[in-house]
Structures are given as structure tokens and as C-alpha cells.
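The residues making up each chain are set out below.
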Amino acid sequence: MNLSLYLLTVVIWGTTWIAIKLQMGEVAIPVSIAYRFGLAAVVLFAILLLSRRLQKLDGRAQMICLAQGLCLFCVNFLCFYTASQWIPSGLIAVVFSTATLWNALNARIFFGQRIAPNVLAGGGLGLAGLALLFWPELSGHTASRETLMGLGLALLGTLCFSAGNILSSLQQKVGLKPLTTNAWGMLYGTLLLCAWCLVSGTPFAMEWNTRYVGSLLYLAIPGSVIGFTAYLTLVGRMGPERAAYCTVLFPVVALNISAFVEGYEWTAPALFGLLLVMAGNLLVFRKPKLAVAPAAGEARA
């Protein structure tokens, strides 16, 4: 089950970049994000109500869902969409891949979980591998004020993503399922985005064409309903730090698709970077060796 959820998340989120590119046009970024999660929330609530699986939430759980909506389905996406206007997508991917390390640190701070050395080592290898994969893009980008702003937003988006992971893990520890908490979180995220658009005077435009509507449906249903449910279920089953290694593999899937769609050419450094990412993946998911208890005679020796 863990492997199936992991692969499903990586494949879906490794392909959403195509739909995100198709969303760029007349509709403002906050409005597109609001459309995405508003539609996803409607679909989730419909599924839960029809199947009678919608769990009741108390006031505390609703407040956590509100915080999750703010972090995971609002600020997170606003930061990354805006940062992409100033810095290369490769640099964003490298910053986002640090979620593995942030999740491990947050799990240690909030849950007292020991930071497994193999998770840190695997995250470090994955980060180095991504840097090699995107090195031509990174080395050709000059530092500027916009670069620093983009990096700051990408880091803030990653921290919000990590916070959303921890909040979901907290909900699951008391028996609440990601389907229910995601439905409420996406609803709250949509309302917050709509409020921001109203305050900032952003018009609620819409493009009624196959390109925009098709990409919106893909981002809302596979990208959000299925992708976030699968990923946050992994967070509850495997822990935030291991689940977050997905963020290292998304760009790898995206680059492989780009090789077919956009003519991306693999180079020797990129292939070595890919090997480092795979090695990091093996380290992150390696089961720790269990300590063998000494025999009675050995214990007295």
C-alpha cells in the first residue's frame, strides 16, 4: 500500500507542471488556485457525503483544518507561483526538495521523533542530485534582488508545505482521515484566497476554453483530490520525513516527460544527479536494523 501511494503521488505531482503551465494566461494566479481547490473541495465533500464517510470535527480539529488550508492550500501555492516569475523552475525544485529535511526537523520538534540518520543522508543526496540535474539552469542565472525575493518565497512556500504535513499528521494521530481534513482544508484555503482577491481587487476572470478548463480539471481532481489524499495518507503511514522524499522525485518525473514533450536532453552530470536521487531514495526507505538482545549468558559475562 505504501509503495502504491508513493508511486501514485510521484506520478501525479510529477505531471501537474504541464497543467500549471497551461493555466497561465488571462486568469490571475490567486484566482486559478482558488478555482482549483474550490472544485477539489466540492468533489471531496460530494464523495464523502454520498459514501457517508464524512467525519465530524470538533472546534479544535476545525481550527487545525483552517491552519492547514492557510499553509498547504493557500500560502504554499501563492509563494511558488510568484517565485516562478523571478527564479528558474530548477532552483524552485531544489529549494522545495528540502521539505524532507524540514519535515524531519519539525517531527523532532513537535512529536519528539528521532531524526533517522538515513533520512538526513538520503535527503542530502537527493538535494545534491537535483542540483546536478538543474545545474545548467542554475549556473546560467545571475543573482539579483528578484532572485533573493524568489528564493525567499520558495523557502517560505516549502516551510508552509512542511507545516501542512505536520498538521495533517497531527489530525491523523487522533483518528481523522485525510479525505475529511483535506475537504475542509481545501474549502478554507479557497475562502482565504477569495478573500485575498477581493481585498487586492483581483478580478475573478475565467477562460472558457479546452486548454484552461481541461488543465483546471486535471489539477483539481487527479492533482488535488487524488494527489493530496495519497500524499497525506503517506504522511500518516510513513511519517512526514519519509513521505516528503516525493518532493525530490517530482522533478525527475517532470524531466523525463520533458525529454519527450519539450526535447530535454540528458547529460552526464544530469544522469549522475539522477543516480544520486535514486541512491537517496534507497537510503530514506531503508529499514533500520533491529538491535538483537544478548543471550542470558552473554548478558552476565
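What counts, and at which threshold
- Residues numbered from 1 in each chain as written.
- Predicted model: local features only at pLDDT ≥ 70, side-chain atom pairs only at ≥ 80, totals over all residues.
- Heavy atoms only, no water.
- Helix = DSSP H or I, 4+ residues; strand = E, 2+ residues; numbered from the N terminus.
- Rg over C-alpha atoms; globule rule 2.2 N^0.38 Å.
- Buried < 20%, exposed > 50% of the residue type's maximum accessible area, 1.4 Å probe, protein only.
- Contact = heavy atoms within 4.5 Å.
- Polar contact = N/O pair within 3.5 Å; in protein donor to acceptor, adjacent residues only side chain to side chain.
- Core = buried A, V, L, I, M, F, W, Y, C linked by side-chain atoms within 4.5 Å.
- Bend = angle between axes of the 7 residues up to and from the residue.
- Disulfide = S-S within 2.5 Å.
- Phe/Tyr/Trp six-rings, centres within 6.5 Å; stacked < 30°, edge-to-face > 60°.
- pLDDT = per-residue confidence, 0-100.
- Axes fitted to C-alpha atoms, helices over the stretch in contact; angles between N-to-C directions.
- Parallel < 35°, antiparallel > 145°, perpendicular 65-115°, else oblique.
- Left-handed = near helix turned anticlockwise from the far one by under 90°.
- Nonpolar A, V, L, I, M, F, W, Y, C, P; charged D, E, K, R; others polar.

1. Quick look at the overall build of the protein chain
The helix and strand inventory of the protein chain stands at 14 helices and 0 strands. What you see in the protein chain, going N to C, is helices and strands ordered as α-α-α-α-α-α-α-α-α-α-α-α-α-α. Taken over C-alpha atoms, the radius of gyration comes to 20 Å for the protein chain, in line with the 19 Å a tight globule of 301 residues would show. Each of the three principal axes of the protein chain carries a C-alpha extent, and together these read 80 × 50 × 35 Å. For the protein chain, buried positions account for 49% of its 301 residues. Partitioning the contacts of the protein chain with sequence separation of at least 6, the portion at a separation of at least 24 is 89%.

2. Remarks on the side chain of Thr229
Within the element layout of this structure, Thr229 appears in helix α10 (residues 210–238). Residue class for Thr229 comes out buried when judged on its relative accessible area of 14%. Reaching out from Thr229, the side chain makes a polar contact with the backbone oxygen of Val225 at a distance of 2.5 Å. Contacts of Thr229, omitting those with residues within four sequence positions, involve Leu44, Pro178, Leu179, Asn182 and Ser224.

3. What to know about the nonpolar core
In this structure, Ile33, Leu133, Met186, Phe228 and Tyr231 are the most contacted members of the largest nonpolar core, which totals 64 residues. Not counting residues up to four positions away in its chain, the partners in contact with Met186 are Phe37, Ala40, Ala41, Leu44, Phe73, Ser224 and Phe228.

4. Examining α10
Each α-helix turn comprises 3.6 residues. Residues three or four places apart therefore point the same way. Residue Gly227 marks the point of greatest curvature in α10, where the axis turns by about 35°. Positive backbone phi, at 100°, marks Gly239, one or two positions downstream of α10.

5. Let's talk about the state of the cysteines
One pass over the full model with this rule turns up 0 disulfides. Residue Cys160 stays outside any disulfide, its sulfur separated by 5.0 Å from that of Cys71, the closest cysteine. Its relative accessible area of 11% is what places Cys160 among the buried residues.

6. A closer look at the packing of aromatic side chains
Counted according to the given criterion, the structure contains 14 aromatic pairs. Between Trp13 and Tyr231, the ring centres sit 5.3 Å apart and the planes meet at 40°, which makes this aromatic pair tilted. Taken as a pair, Trp13 in helix α1 (residues 2–23) and Tyr231 in helix α10 lie far apart in primary sequence, 218 residues in all. Summarising the burial analysis for this pair, Trp13 and Tyr231 share the class buried. With a centroid separation of 5.3 Å and 80° between ring planes, the pair formed by Trp13 and Phe250 is classed as edge-to-face.

7. Digging into the environment of Ala46
Turning to its location among the elements, Ala46 is positioned in helix α2 (residues 29–50). Residue classification places Ala46 among the partly exposed residues on the basis of a relative accessible area of 35%. When the C-alpha positions of Ala46 and Ala83 are compared, they lie 34 Å apart, and in sequence the two are 37 residues distant.

8. Thoughts on unusual backbone geometry
The phi dihedral of Arg52 falls on the positive side, at around 55°, and the residue is not glycine. The topology assignment puts Arg52 in the loop between α2 and α3 (59–83).

9. Examining the confidence of the model for the protein chain
Looking at the protein chain as a whole, its pLDDT mean stands at 86, while 92% of the residues score no less than 70. Across the protein chain, helix α9 (residues 178–200) holds the top mean pLDDT of 97, while helix α14 (residues 296–300) sits lowest at 42.

10. A closer look at the packing of helix α5 (residues 99–111) against helix α8 (residues 145–173)
Contact geometry for α5 and α8: axes closest at 9 Å, N-to-C directions at 45°. Between α5 and α8, the crossing angle belongs to the class labelled oblique. Regarding α5 and α8, the two cross each other, and that crossing is right-handed. Each of Ala99, Trp102, Asn103, Asn106, Ala107, Phe110 and Phe111 in α5 lies in contact with α8, whose residues at this interface are Leu155, Thr158, Leu159, Phe161, Ser162, Asn165, Ile166, Ser169, Leu170 and Lys173. Residue classes in the contact of α5 with α8 are distributed as 10 nonpolar, 6 polar and 1 charged.

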